[in-house]
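# Architecture and fold: a report
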Amino acid sequence: ASGLGMLLPAGFQAAPAGWHLMFALGLVMAGVYAYIHLALLPRLRAHCAASTWPAAAQVLNAIRKLVALNLALGVIVVLAAVSAR
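Before going into details, it helps to say that this report is about the structure given with it.

Before going further, it helps to examine unusual backbone geometry. Not every positive phi belongs to a glycine, and S51 is a case in point at roughly 55°. Along the chain, S51 turns up in the loop between helix 2 (17-49) and helix 3 (53-83). According to the relative accessible area criterion, S51 is partly exposed, its value standing at 44%.

Right, let's talk about the packing of helix 2 against helix 3 for a bit. Packed helices, taken two at a time, are described by the angle between their axes plus the distance between the axes. Where helix 2 meets helix 3, the axes come as close as 9 Å, and the angle between the chain directions of the two elements is 165°. In terms of orientation, helix 2 and helix 3 fall into the roughly antiparallel class. Crossing geometry of helix 2 relative to helix 3 is assigned as left-handed. Residue classes in the contact of helix 2 with helix 3 are distributed as 28 nonpolar, four polar and one charged.

Before going further, it helps to spend a moment on a nonpolar patch on the surface. Residues L4, L8 and F12 make up a contiguous nonpolar surface patch of about 270 Å² in total accessible area. As for its placement among the helices and strands, L8 is situated in helix 1 (residues 2-10).

A separate point is the environment of L66. Structurally, L66 is set in helix 3. Spatially, the C-alpha atom of L66 lies 27 Å from that of L7, the residues being 59 residues apart in sequence. In this view, L66 contacts V32, Y35, I36 and L40; residues no more than four positions away in its chain are not counted.

Basis of the calculations
Residues numbered from 1 in each chain as written. Predicted model: local features only at pLDDT ≥ 70, side-chain atom pairs only at ≥ 80, totals over all residues. Heavy atoms only, no water. Helix = DSSP H or I, 4+ residues; strand = E, 2+ residues; numbered from the N terminus. Buried < 20%, exposed > 50% of the residue type's maximum accessible area, 1.4 Å probe, protein only. Axes fitted to C-alpha atoms, helices over the stretch in contact; angles between N-to-C directions. Parallel < 35°, antiparallel > 145°, perpendicular 65-115°, else oblique. Left-handed = near helix turned anticlockwise from the far one by under 90°. Nonpolar A, V, L, I, M, F, W, Y, C, P; charged D, E, K, R; others polar. Patch = residues over 30% accessible without salt bridge, like charges linked within 9 Å, V, L, I, M, F, W, Y side chains within 5 Å. Areas by Shrake-Rupley, 256 points an atom, 1.4 Å probe, with all protein chains shown as cover. Salt bridge = Lys/Arg side-chain N within 4 Å of Asp/Glu carboxyl O. Contact = heavy atoms within 4.5 Å.

Written out as structure tokens, the structure reads:
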């Protein structure tokens, strides 16, 4: 929402490339979070409730990798913000 709030008043064509990158990566990060929260977390909870620990570990490992991806994307977003000054 904050990225869109920056882009709309300035206009998409007049905005620096860094703003476009921040907005796009923000959408990707939100999508990754939604996938973790809506798909993987319920699976993890179900495996934990059923005490199927190896399956729970696999899901938890997938969550760990996606959180690391989001962290890396966040660093790129910060770099894009700095470059857009």
